[in-house]
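# Reading the structure
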Amino acid sequence: MRVGSMTEAGIRLNQLRGWGMLSLLFHHFVPASLYGGQTASSALSKIDRELRHCRHADAALTVLDTFKAEVCALLRSRFASPAAEALTLKILNICLARYHFKARSASLLSRPIGIVIDPSNMCQLACPGCVHSTRSETLKLFDWNKSALSEDRLSALLKLYGPYAIGVYFCNYGEPLLNLATPKFIRLAKTYLMGTTLSTTLSVRRFDADAYVESGLDFMVLSIDGATQPVYERFRRNGDLELVLGNVRKLVDAKRRLGKRTPVLSWNFLAFEHNAHEIPVAARMARKLGVNQFRVVDPFDVRWDDPQIRPVEVKAGVRRLDWFSTANLPENWNPFPEGVDAHTIARAYESPWNERPISDAPPSSGHTCHWLYQNIVMDATGRILPCCGAPRPDANLVFSTFDGGGDPFNSEKYRQARSYFSGAVSASDGSPYCTRCEWDHVTVNIGGPEIRRYFRAADPAFFDRRSLRLLSGW
Ligand code: SF4
């Protein structure tokens, strides 16, 4: 239904939304336990306690199987099938992933909690520090092919991991809007009740704002690092600020016309020496345009590519331009109930966790990388990468290629990388890049904050603060 003027139905919808926001705020500040409401926390604490004592994966799986029916029964009192089964799988998968992380397991029975996908490997911009910068391309610094993701490949990956994962982040090094099928991909992710985020420069001429608003997208990151063209293009080379702002207007207008409060629009501003003075004016522009959040971000250092582009010391953080914008996420948690892939979810729910044998060792300790247990990354050609690092001829970061079969999260390279950290193998010539990596090993694309946001959107009363702490603490 297109909403041009305020109909009776529209007024009712807005009243419901108002109630949704109040409900979210109420549950944020008043724990359900205070008024005798049911929450997930007692079942989650029991699982957590039991898993802490497991010395082998077999024991951990027994714990999960024991609690599967109990968790699902609790959820069925609040969610219809197959949403209850999907949430059960996602919760138990997080518990199992954390068990494997703490045990420093090399082979995992858990699936990725989050999936990072490049719908397109191409980008029309040439920002310093990126695989697409002029210097990177001229010197062939990275091993990066131009390509667009096919629906078949994405569909196979989501069938495999979608029932267990809580979210997809559509963007790594390519511009996702260059693949015209991206709105379809987002809708596909929603068939597994996943949270969906996309990051874009919006500097594209062919842009169907309505398709993105209707796709079920939850969150859209708009990368705009300037308020005037000369400043903006110092970093966003080949970018056209007028085109970008025109596309922001199209998005805001489509949300209004279609009566949707999602995607939440977040203007992200990478703060450098050359653009920091434009932060206040950009924040005012964002508010005037109807963007929901303005975020100042500490950029990664790109001086190796262009010494003139230097990071600056500013206060990073989010300014909420519309306080209720994230309170609207619950209405988008399951936007297409009739489109949910009930068959795949039911099959996953009925399958035992230990379908394949796992080589297991007693839990070890010591440093490891969170990426190897929480997220998986696939580029548009199907290459599986362990994190957001870009493959280079001298950096072994392609862990396998996904053609629709197998379990890429347990490829030989993945097992080698995890074993290296657990001390079971040492580095050799063919070792994955992980053995000499000095990047951040803790912050993943879909981790603690996204887990909290996801379950809060599903049911803010049932997933109270204690439940969210139990689910998102690593
Ligand atoms: S160790 Fe480094 S290269 Fe390996 S997954 Fe972690 S961040 Fe990526």
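The rules we used
- Residues numbered from 1 in each chain as written.
- Predicted model: local features only at pLDDT ≥ 70, side-chain atom pairs only at ≥ 80, totals over all residues.
- Heavy atoms only, no water.
- Core = buried A, V, L, I, M, F, W, Y, C linked by side-chain atoms within 4.5 Å.
- Buried < 20%, exposed > 50% of the residue type's maximum accessible area, 1.4 Å probe, protein only.
- Helix = DSSP H or I, 4+ residues; strand = E, 2+ residues; numbered from the N terminus.
- Contact = heavy atoms within 4.5 Å.
- Axes fitted to C-alpha atoms, helices over the stretch in contact; angles between N-to-C directions.
- Parallel < 35°, antiparallel > 145°, perpendicular 65-115°, else oblique.
- Left-handed = near helix turned anticlockwise from the far one by under 90°.
- Nonpolar A, V, L, I, M, F, W, Y, C, P; charged D, E, K, R; others polar.
- Near = heavy atom within 4 Å.
- Salt bridge = Lys/Arg side-chain N within 4 Å of Asp/Glu carboxyl O.
- Patch = residues over 30% accessible without salt bridge, like charges linked within 9 Å, V, L, I, M, F, W, Y side chains within 5 Å.
- Areas by Shrake-Rupley, 256 points an atom, 1.4 Å probe, with all protein chains shown as cover.
- Lys, Arg positive; Asp, Glu negative; His and termini not counted.
- Charge placed at Lys NZ, Arg CZ, Asp CG, Glu CD.
- Expected span 1.5 Å × (residues − 1).
- Pairing = 2+ DSSP bridges.

### Some points on the nonpolar core
Trp267, Phe294, Phe455 and Phe463 are the most contacted members of the largest nonpolar core, which totals 147 residues. Ranked by the residues each element gives to this core, the list is headed by helix α4 (residues 83-103), at 14 residues. Excluding anything up to four places from it in sequence, Phe463 contacts Ala40, Leu75, Ile91, Phe455, Ala458, Leu468 and Leu471.

### Quick word on the packing of helix α15 (residues 448-458) against helix α16 (residues 465-472)
Here α15 crosses α16 at 140°, and the two axes come no closer than 9 Å. If you check the angle between α15 and α16, you find them oblique. Here the hand of the crossing between α15 and α16 comes out right-handed. For the pair formed by α15 and α16, the contact residues are Gly448, Ile451, Arg452, Phe455 and Arg456 on the first element and Leu468, Leu471 and Ser472 on the second. Taken together, the residues of the contact of α15 with α16 break down into four nonpolar, two polar and two charged.

### Observations regarding the environment of Ala103
Here Ala103 is to be found in helix α4. Residue class for Ala103 comes out buried when judged on its relative accessible area of 4%. It is 27 Å that separates the C-alpha atoms of Ala103 and Tyr169, two residues lying 66 residues apart in sequence.

### Describing the site of the ligand
Close to the ligand lie 13 residues; Cys369, Cys387, Cys434, Cys437 and His441 are nearest. Broken down by class, the residue content of the shell around the ligand amounts to eleven nonpolar, one polar and one charged.

### A look at the pattern of salt bridges
A complete count under the given rule lists 21 salt bridges for this structure. Among the ionic pairs, Lys159 bridges to Asp341, the shortest N-O distance being 3.3 Å. Residue Lys159 is located in helix α6 (residues 151-161), and its partner Asp341 is located in the loop between β7 (317-320) and α12 (342-350); the two are separated by 182 residues in the primary sequence. Residues Asp210 and Arg257 are paired through a salt bridge, measuring 2.8 Å at the closest nitrogen-oxygen approach. Taken together, the positions of Asp210 in helix α8 (residues 209-214) and Arg257 in helix α10 (residues 241-258) put the pair 47 residues apart, joining distant regions of the chain.

### Considerations on the packing of α4 against α16
The contact between α4 and α16 brings their axes to 9 Å, and the two run at 45°. By the angle between their directions, the pair α4 and α16 is classed as oblique. On the side of α4, the interface is formed by Ile91, Ile94 and Arg98, while α16 contributes Leu470, Leu471 and Ser472.

### A look at a positive patch on the surface
A surface patch of like charges, here positive, comprises Arg49, Arg465, Arg466 and Arg469. The element contributing the most residues to the positive patch is α16, with three residues. In this structure, Arg466 sits in helix α16. Residue class for Arg466 comes out partly exposed when judged on its relative accessible area of 42%.

### As for the side chain of Thr182
Topologically, Thr182 is positioned in helix α7 (residues 182-190). By relative accessible area, which is 0% here, Thr182 ends up buried. Discounting residues that sit within four places of it in the chain, Thr182 has contacts with Pro119, Pro176, Leu198 and Tyr212.

### Concerning helix α2 (residues 41-52)
With twelve residues, α2 ought to run about 16 Å at 1.5 Å a step, and its terminal C-alpha atoms sit 16 Å apart, in line with that. If you check which residues of α2 are buried, you get Ser41, Ala43, Leu44, Ser45, Ile47, Asp48 and Leu51. Packing partners of the buried residues in α2 comprise α3 (57-76), α4 and α16.

### A look at the sheet that holds strand β5 (residues 264-270)
A sheet is described by the order of its strands in space; here ten strands give the open sequence β7-β6-β5-β4-β3-β2-β1-β8-β9-β10, paired in mixed fashion. The open sheet is flanked by β7 and β10 (400-401), the only strands paired with a single partner. Sheet topology places strand β3 (residues 195-200) next to strand β4 (residues 219-223); four bridges connect them, and they run parallel. Looking at the pairing, Leu198 lines up with Met220 of β4. Its contacts with the sheet put α6 on β1 (114-117), β2 (167-170), β8 (375-378) and β10, and the angle it makes with β1 is roughly 170°.

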